[in-house]
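So the chains spell out like this:
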Amino acid sequence: MPVRVLFSAPASDWTLYEPHLARACAARGLDVVLSPDADDPAAVDYVVYSPKGGLEDFGAFTRLKAVLSLWAGVERIASNPTLRVPLARMVDAGLTEGMCDYVAGHVLRYHLGLDDHLARQDGVWRGDAVPPLARERTVAVLGQGALGRAAAETLAALGFRTIGWSRTPKPPHPRIDGRSADDGLAATLAEAEILVLLLPATPATENLLDADRLARLPRRACIVNPGRGTLIDDAALLAALDAGEVAHATLDVFREEPLPPDHPYWHHPRVTVTPHIAAETRPSTASEVVAENIARVEAGRPLLHEVDRALGY
Ligand code: NAP
């Protein structure tokens, strides 16, 4: 009997993914029926899931074996009470590469003071505005998972003094100063001239960067947030930006997306808004991850990248 896979995502994604998924499943000898429609939910074995597919109630999917998220961030599904089967999040080489590019680009932009040069093409020769070397600049990356660790490695390879902070301790890394929640966050923040947020949205990370923690950053620190909007207390960040305590923030993710046109972030001179484009799941590589997970479950093996529903990531 074929394995039935529902692709629950926007129609435009189905067009992009279908050939890659079909190929990746066939390469693993899987006999699958892929469909973007759930005509008979009780016959579905796997759901490939995007929050934009609109599926909220898994109650009718009585034969479901696993849900395979196309997104790395799973906050919209991890706490869904109707979901009673294992959930895998997306770890995808394309997603990781894109995030490394985004983080490296914006960190270098801050490090080199590029915005100042762009804003001041005014005929004044400011020859004393020499940036320090990367090794003289400390960047802290909060979150050392698939994306945070790769971003920290990219920054360390560029020469930055790189701190990587996560919930649990990690094995020593030759170029990343690893810290964990056991060490607290205060000392890490105090050193972070540039702070990169790559934590998931969970109850434990909500408003992690509040007024108290913002006040611990070095004066004129810069923030890059491609993690999730809920990590930052927005009012506290706006106040810190207005006071000049935080020099600039580049924000890719927000509590409400799309960011409403009248939101103060759009108009703030010390904020760059990017529209949740830091990293995108790539159909060719992500389809391999989805097919691999279907093959693993069919063979009675554990899922790759299974979400801990209690932790929410
Ligand atoms: P991941 O592999 O699950 O890693 C999450 C990291 O956060 C882990 O290092 C984890 O610590 C740490 N963490 C979680 N809760 C914590 C807490 N309370 N205190 C301290 N550290 C905590 O996730 P990922 O693949 O790296 O992705 C990170 C996030 O990036 C996603 O959740 C998503 O929100 C965001 N994202 C954004 C985009 C975009 O385009 N903007 C694209 C993809 C993903 P442990 O290692 O100790 O568990």
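Residues numbered from 1 in each chain as written. Predicted model: local features only at pLDDT ≥ 70, side-chain atom pairs only at ≥ 80, totals over all residues. Heavy atoms only, no water.

Asks: How should I be thinking about the overall build of the chain in this particular structure?
Replies: Of the regular secondary structure elements, the chain holds 9 helices and 12 strands. What you see for the chain is a C-alpha radius of gyration of 21 Å, in line with the 20 Å of a compact globule of 313 residues. Over its C-alpha atoms, taken along the principal directions, the chain stretches across nearly 70 × 45 × 35 Å. Burial statistics for the chain: of 313 residues in total, 49% are counted as buried. (Helix = DSSP H or I, 4+ residues; strand = E, 2+ residues; numbered from the N terminus. Rg over C-alpha atoms; globule rule 2.2 N^0.38 Å. Buried < 20%, exposed > 50% of the residue type's maximum accessible area, 1.4 Å probe, protein only.)

Asks: Sorry if this is basic, but what is going on with the side chain of His263 here?
Replies: Within the secondary structure, His263 is located in the loop between strand 11 (246–251) and helix 8 (264–267). With relative accessibility at 18%, the residue His263 sits in the buried group. Polar side-chain contacts of His263 include one of 3.0 Å to the backbone nitrogen of Tyr265. (Polar contact = N/O pair within 3.5 Å; in protein donor to acceptor, adjacent residues only side chain to side chain.)

Asks: How do you make sense of the pairing of strand 1 (residues 3–8) when you look at a structure like this?
Replies: Note on strand geometry: in a regular strand, side chains alternate between the two faces of the sheet. Of all 6 residues in strand 1, 5 are buried, a share of seventy percent or more. Bridge analysis of strand 1 against strand 2 (residues 32–35) gives 4 bridges, and the strand direction is parallel. Looking across to strand 2, one finds that Leu6 is bridged to Ser35. As paired elements, strand 1 and strand 3 (residues 46–49) share 4 bridges and run parallel to each other. Bridge pairing in strand 3 links Leu6 to Val47. (Pairing = 2+ DSSP bridges.)

Asks: Explanation requested: the pattern of salt bridges in the structure shown.
Replies: A side chain with one charge may pair with a side chain of the opposite charge, provided their charged atoms come close. Using the criterion set out here, one finds 15 salt bridges in the structure. Asp45 serves as the salt-bridge partner of Lys65, at 3.7 Å between the closest nitrogen and oxygen. With Lys65 in the loop between strand 3 and strand 4 (66–69) and Asp45 in the loop between strand 2 and strand 3, this pair connects stretches of sequence that are 20 residues apart. You can call Lys65 partly exposed: its relative accessible area is 34%. Here Glu193 makes a salt bridge to Arg137, at a shortest N to O gap of 3.5 Å. In this pair, Glu193 is assigned in the loop between helix 5 (186–191) and strand 9 (194–197) and Arg137 in the loop between helix 3 (114–119) and strand 6 (138–142), connecting sequence segments 56 residues apart. (Salt bridge = Lys/Arg side-chain N within 4 Å of Asp/Glu carboxyl O.)

Asks: What is the right way to look at helix 9 (residues 283–298) in this model?
Replies: An α-helix turns once every 3.6 residues. As a result, residues three or four positions apart point the same way. For helix 9, with 16 residues, the first-to-last C-alpha span of 22 Å sits near the 22 Å given by 1.5 Å per residue. Among all positions in helix 9, only Pro283, Ala286, Ser287, Val289, Val290, Ala291, Asn293, Ile294, Ala295 and Arg296 are buried. Where helix 9 is buried, its residues contact strand 1, helix 1 (11–27), strand 3, strand 4 and strand 5 (87–88). Taken from the residues just after helix 9, Gly300 is the one with a positive phi, measuring 75°. (Expected span 1.5 Å × (residues − 1). Contact = heavy atoms within 4.5 Å.)

Asks: Teacher, can you tell me more about the site of the ligand here?
Replies: Around the ligand, 30 residues are found, and the nearest of them are Arg89, Leu147, Thr168, Lys170 and Tyr313. At a separation of 2.6 Å, an oxygen atom of the ligand approaches a polar side-chain atom of Lys170. Separating an oxygen atom of the ligand from a backbone N or O atom of Gly227 is a distance of 3.3 Å. Burial of the ligand by the protein chains amounts to 92% of its free accessible area of 940 Å². Those elements that provide at least two residues to the shell around the ligand are helix 2 (93–112), helix 4 (146–158) and strand 7 (161–166). For the shell around the ligand, the leading source of residues is helix 4, giving 3 residues. (Near = heavy atom within 4 Å. Areas by Shrake-Rupley, 256 points an atom, 1.4 Å probe, with all protein chains shown as cover.)

Asks: Explanation requested: the packing of helix 2 against helix 4 in the structure shown.
Replies: When two helices pack together, their arrangement is given by the angle between the helix axes and the distance between those axes. Contact geometry for helix 2 and helix 4: axes closest at 9 Å, N-to-C directions at 45°. One way to sum up the angle between helix 2 and helix 4 is to call them oblique. Seen along the crossing, helix 2 lies across helix 4 with a hand that is right-handed. For the pair formed by helix 2 and helix 4, the contact residues are Leu95, Thr96, Met99, Cys100, Val103, Ala104, Val107 and Leu108 on the first element and Ala146, Leu147, Ala150, Ala151, Thr154, Leu155 and Leu158 on the second. Taken together, the residues that form the contact of helix 2 with helix 4 break down as 13 nonpolar, 2 polar and no charged. (Axes fitted to C-alpha atoms, helices over the stretch in contact; angles between N-to-C directions. Parallel < 35°, antiparallel > 145°, perpendicular 65-115°, else oblique. Left-handed = near helix turned anticlockwise from the far one by under 90°. Nonpolar A, V, L, I, M, F, W, Y, C, P; charged D, E, K, R; others polar.)

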